[in-house]
Amino acid sequence: VDDELLADWARAHGIELTPKSRPMVAQYLRRARVLRTWGVIGGLLLPSLGELLVSGRVQVLGFGTDGSAAPYAGPIGGFVGYLVGALCAEISLPRPMDPARRSASLIPRDLADYLPRRLLFAQRALGSAAVLGLLALGLVPYDPQSAAQPEWPGLLTGAAVVAGFSAGLEALERWLVRRPQPFTSHALVAADDAIRAQSLHSLAGSGLALLLVACSGICVGLAASDVSILRWTMWLPALAALLLAIRACLEIGQRSW
């Protein structure tokens, strides 16, 4: 994290760095980059390591040496790791209270001040679409000889997990916005707001990517059904959702506030 990166980041977020705020911003950028990178690496490798320890099967990014394949395991693990890394970077950033002051910034903060409303709507819409898609998987017919036939217990469990994740993602975002801001200096408050916005964009980008991956997997499941129109059409939205997931994580997570 050099002076040029700090200057570009400050310019993009509309703040002016001061001798007080510069060290905090530099520490956050360095920590966020390291934790997000290791989060992605851990998300990609830990499932394979767990599979090896539990069953003895060698599996790399969802593809096993015995011919088994779970192609969505890699993207899901990577996005989860990115989300966890971004969250850890925000939570672990020290925000020390100035010992000379016993007050803090009391400016009210709302999630819509940090994330666009259309992004919040997209989170809710994709969560609802994924839940409805999982239920649809149990209603469409499948070839009796096919192994792709999903079971209702698994579908209901998946729908509950997706609904909980979608609601929990927004609740986590609101919690981060409302965390204490122990500063009264205008420069530190401005830097803290920009850092908070960057963390929220990283969380929202990776969360939206996970919901898009879920929708992509559901489309693949519908394409494996016994309905001819679904077999011919569902591959396109599955591919589009997967590409949009990568774009959401990279672009929304790095977008300026």
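Here, residues in each chain are numbered from 1, in the same order as that chain's written sequence. With the structure being a predicted model, the display of local features is reserved for residues of pLDDT at least 70 and the display and counting of side-chain atom pairs for 80 or more, all residues being used for whole-chain, interface and lining totals. Calculation of side-chain values draws on the structure's entire complement of heavy atoms; hydrogens and water are dropped beforehand.

Caption draft 1: Quick look at the overall build of the chain. Broken down by element type, the chain carries eight helices and two strands. Labels follow the DSSP assignment, with helices taken as runs of H or I lasting at least four residues and strands as runs of E lasting at least two, numbered in each case from the N terminus. Listing each helix as α and each strand as β along the chain from the N terminus yields α-α-β-β-α-α-α-α-α-α. Residues counted as buried form 42% of the 257 residues belonging to the chain. Long-range pairs, those at least 24 residues apart, make up 77% of the contacts in the chain with a sequence separation of at least 6. Split by element, the accessible area of the chain, about 13700 Å² in all, is 67% carbon and sulfur. Note on exposure labels: buried denotes an accessible area under 20% of the residue type's maximum, exposed denotes more than 50%, and partly exposed covers the range between, all computed with a 1.4 Å probe on protein chains only. Note on contacts: a residue pair qualifies if any of its non-hydrogen atoms lie within 4.5 Å across the two residues. All accessibility values rest on the Shrake-Rupley procedure with a 1.4 Å probe; residue burial counts only the protein chains present in the view.

Caption draft 2: Representation of the pattern of salt bridges in the model. We define a salt bridge as a contact between a side-chain nitrogen of Lys or Arg and a carboxyl oxygen of Asp or Glu at a distance within 4 Å. All chains considered together, the criterion is met by eight salt bridges. For R11, the salt bridge goes to D8, with nearest N and O atoms at 2.9 Å. With R11 and D8 both in helix 1 (residues 3–12), this residue pair falls three residues apart, about one helical turn. Overall, R11 belongs to the exposed group, its relative accessible area being 59%. The salt bridge involving E251 is made with R247; its shortest N-O contact spans 3.3 Å.

Caption draft 3: Summary view of helix 3 (residues 73–92). Residue count minus one, scaled by 1.5 Å, sets the expected span of a helix. Helix length check: helix 3, at 20 residues, gives a terminal C-alpha distance of 28 Å against a target of 28 Å (1.5 Å per residue), a fit within 8%. For helix 3, the set of buried residues is G74, G77, G78, F79, G81, Y82, L83, G85, A86, L87, A89 and E90. Contacts from the buried residues of helix 3 go to helix 2 (21–55), helix 5 (152–177), helix 6 (186–223) and helix 8 (235–252).

Caption draft 4: Local environment of the environment of L83. Tracing the backbone through its elements, the reader meets L83 in helix 3. Placed 119 residues apart in sequence, L83 and S202 show a C-alpha to C-alpha distance of 7.0 Å.

Caption draft 5: Molecular detail of the packing of helix 6 against helix 8. For the pair helix 6 and helix 8, the least separation of the axes is 8 Å and the interaxial angle reads 170°. The orientation of helix 6 with respect to helix 8, classified from their angle, is roughly antiparallel. From helix 6, H201, G205, S206, L208, A209, L212, V213, S216, C219, V220 and A223 reach across to helix 8, where they touch W235, P237, A238, A241, L242, L244, A245, A248, C249 and I252. Of the residues in the contact of helix 6 with helix 8, the class split is 17 nonpolar, four polar and no charged. Structural elements are reduced to axes, namely lines fitted to C-alpha atoms, with helices fitted over the stretch in contact, and the angle between N-to-C directions of any two is expressed from 0 to 180 degrees. Relative orientations are named as follows: roughly parallel for angles under 35 degrees, roughly antiparallel for angles over 145 degrees, roughly perpendicular for angles from 65 to 115 degrees, and oblique for any other angle. The nonpolar class holds Ala, Val, Leu, Ile, Met, Phe, Trp, Tyr, Cys and Pro. Asp, Glu, Lys and Arg form the charged class, and all remaining residues, Gly among them, are polar.

Caption draft 6: Inspection of a nonpolar patch on the surface at higher detail. Nonpolar side chains (Val, Leu, Ile, Met, Phe, Trp, Tyr) are joined into patches within 5 Å and like charges within 9 Å, using only residues with over 30% relative accessible area and no salt bridge. The grouping of L46, L49, L52, L53 and V54 at the surface amounts to a nonpolar patch, some 550 Å² of accessible area in total. Position of L46 among the secondary structure elements: in helix 2. When its relative accessible area of 56% is taken as the criterion, L46 is described as exposed.

Caption draft 7: Structural context of the packing of helix 5 against helix 6. As a packed pair, helix 5 and helix 6 sit with axes 10 Å apart at the nearest point and diverge in direction by 175°. Considering their axes alone, helix 5 and helix 6 lie roughly antiparallel with respect to each other. Residue-level inspection shows V162, F165, L169, L172, E173, L176 and V177 of helix 5 in contact with helix 6, the latter providing R196, L200, L203, A204, G207, L210 and L211. For the contact of helix 5 with helix 6, the class distribution of residues is eleven nonpolar, one polar and two charged.

Caption draft 8: How the structure looks around helix 5. Between its first and last C-alpha atoms helix 5 spans 38 Å; for 26 residues at 1.5 Å apiece the expected length is 38 Å, and the two agree. Taken as a whole, helix 5 has its buried residues at L155, A159, V162, S166, L169, E170, E173, L176 and V177. Contacts from the buried residues of helix 5 go to helix 3, helix 4 (117–137) and helix 6.

Caption draft 9: The nonpolar core, seen in detail. Within the largest apolar cluster, 45 residues are counted, with the highest numbers of intra-cluster contacts made by F79, L115, L134, L137, L200 and L222. Those elements giving two or more residues to this core turn out to be helix 3, helix 4, helix 5, helix 6 and helix 8. Considering every element that reaches this core, the biggest residue donor is helix 6, with 15 residues. If near-sequence neighbours (up to four positions away) are discounted, L222 is found in contact with A136, L137, V140, Y142, L230 and M234. What makes a nonpolar core is a set of buried Ala, Val, Leu, Ile, Met, Phe, Trp, Tyr and Cys residues whose side-chain atoms join them at distances within 4.5 Å. Grouped together as the second largest cluster of nonpolar side chains are 19 residues, A26, F183, A194 and I195 included.

Caption draft 10: Highlighting the side chain of S21. Here S21 is to be found in helix 2. The class for S21 is buried, based on a relative accessible area of 0%. Excluding residues that lie within four positions of it along the chain, S21 makes contacts with E16, A187, L188 and A191.

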